[in-house]
Amino acid sequence: MKAEKLWNVVCTAAVADAFAMPLMSRPPYLIKADCGEGSLVRDLLAPLPDSPGHPFPRGSVTDVFSSSYALLRSTFDNGGLTPMVAEQAMFSWRDGADTRRYYDHFAGRSTRLRMGILDGSHVYDRFDKIPCEGRFITNGGAARAWVAGLLAPGNVEKAIDHAVTLTLPTHPNAISGSGAAVAAAMVSAALGGITSPARLFDVARQAVHTGYQKMEAVSHITAVGTKLPQRMELAANLAVRYANDEERLISEIHDSIGVGSYTSEVVPSALGFLIAADNDLEKALRLASNAGNNANKTAVIVCSVVAAATGCPCLTEKYFDIVSENNTLDFKALKRAFDRYFDPGR
């Protein structure tokens, strides 16, 4: 596996996060009205004053890539991903000089709750005694699970294990684990040569069940909430039906499946956009970002898979310099660590 292709996946994930950032928390019709001059947004924008991303600059990433960055740095520095490394990475993300601002501004309630449990600062209440857990079915683990696929190119089983490992610290829930497994498995499979959306959907169908079982076994928590498989099928059907009508597809997926904070929304929707984009990376970014709400999560999941499948550098070439310049993340240090890990003889 050429390191250049893997690095392009990293850069694409950063760009996808930054592109979607200004469009977060808006529905599609307001994105068109407020950000797209009546049409779909097709370029990198600065966030409006009422955006969750304000006052961050154009090209800024969010919690998605910044937490992925922390995971990559910790993994490279420690020679691999382990449960201890995954947990350490989340504290590095929260407390690191180059990542703290993203955690403080963007991290969700589920993540903050889990970090408090991990560091002992959480004040326990009656909700902690409920035997079935629905607080951690959100999409943070799935959104950074592309890292698991990157670390195991062509080895889907290992990628799913990595997805469970990196999801467990902040989202110890079988529903979250199943979504993370889907995202990781597709990136891994794509890097291993399975590139058609139809075959990647088959990979996702298997991974969603495997990830659920593996996370349930290690989290020791009974998950409660909507599961992914049936929504994945619905998303695929919508994608086939409306692949040539981007605005209708975005509207149908937004209204029928959702692109909100739950794993059972973002991951199936990402699959729908993946199928409709048919390995067109710019279309994938356009669909996922213009769906709004948790657009940053959807966009990173979709675009990391398409970049892995195609090796297309178009988003990297167009936007990565802006992203690199307008964030506090040390991309040069990340690249050096990446090269040592993936291409030690270079």
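How each quantity is defined
Residues numbered from 1 in each chain as written. Predicted model: local features only at pLDDT ≥ 70, side-chain atom pairs only at ≥ 80, totals over all residues. Heavy atoms only, no water. Core = buried A, V, L, I, M, F, W, Y, C linked by side-chain atoms within 4.5 Å. Buried < 20%, exposed > 50% of the residue type's maximum accessible area, 1.4 Å probe, protein only. Contact = heavy atoms within 4.5 Å. Helix = DSSP H or I, 4+ residues; strand = E, 2+ residues; numbered from the N terminus. Expected span 1.5 Å × (residues − 1). Polar contact = N/O pair within 3.5 Å; in protein donor to acceptor, adjacent residues only side chain to side chain. 1 Å grid on protein atoms, 1.4 Å probe; cavity = no way out; pocket = protein on both sides within 12 Å on 5 of 7 lines; lining within 4 Å. Points joined across faces, edges and corners; volume = space filled by probe spheres on them. Nonpolar A, V, L, I, M, F, W, Y, C, P; charged D, E, K, R; others polar.

Go over the nonpolar core, please, and point to the residues and values.
Counting 125 residues, the largest nonpolar core has Val10, Phe65, Trp146 and Phe273 as its most contacted members. In this structure tryptophan 146 touches Val9, Val10, Ala13, Phe65, Ser68, Leu72, Val187, Val300 and Ser304, once residues within four positions along its chain are discounted.

I'd love a proper account of helix α16 (residues 295–310), names of residues and values included.
When the terminal C-alpha atoms of α16 are compared, their 22 Å separation across 16 residues agrees well with the 22 Å that a helix rising 1.5 Å per residue should span. With respect to burial, α16 is a largely interior element, 15 of its 16 residues being buried. Backbone geometry just after α16 places glycine 311 at a positive phi near 70 degrees.

Just give me the short version of helix α3 (residues 63–78), but keep the residues and values in it.
Look at α3: 22 Å from first C-alpha to last across 16 residues, which is about the 22 Å you get at 1.5 Å a residue. Taken across its 16 residues, α3 has 13 buried, putting it largely inside the fold. In this structure threonine 62 caps α3, since a side-chain oxygen of it lies 3.1 Å from the backbone nitrogen of valine 64. Positioned one or two residues after α3, glycine 79 has a phi angle of 75 degrees, which is positive.

How would you sum up the layout of surface pockets? Please name residues and give values.
One number sums up the size of the largest pocket: a volume of about 380 Å³. Residue classes in the lining of the largest pocket are distributed as seven nonpolar, 13 polar and five charged.

Got a sec to walk through the environment of valine 10? Specific residues and values, please.
If you trace the backbone, valine 10 turns up in helix α1 (residues 3–20). Separated by 137 residues in sequence, valine 10 and valine 147 have C-alpha atoms that sit 8.3 Å apart. For valine 10, the contacting residues outside a window of four places in its chain are Phe65, Leu72, Trp146, Leu150, Leu334 and Phe338.

Lay out unusual backbone geometry with the relevant residues and their values.
The peptide bond linking histidine 54 to proline 55 adopts the cis configuration, its omega dihedral lying at 10 degrees. Tracing the sequence through the fold places proline 55 in the loop between α2 (28–34) and α3. One non-glycine residue, histidine 220, adopts positive backbone phi at about 55 degrees. The topology assignment puts histidine 220 in the loop between α11 (197–219) and β2 (222–223). Overall, the relative accessible area of 68% leaves histidine 220 in the exposed class. Unusually for a residue other than glycine, asparagine 279 sits at a positive phi of about 70 degrees. According to the relative accessible area criterion, asparagine 279 is partly exposed, its value standing at 23%.

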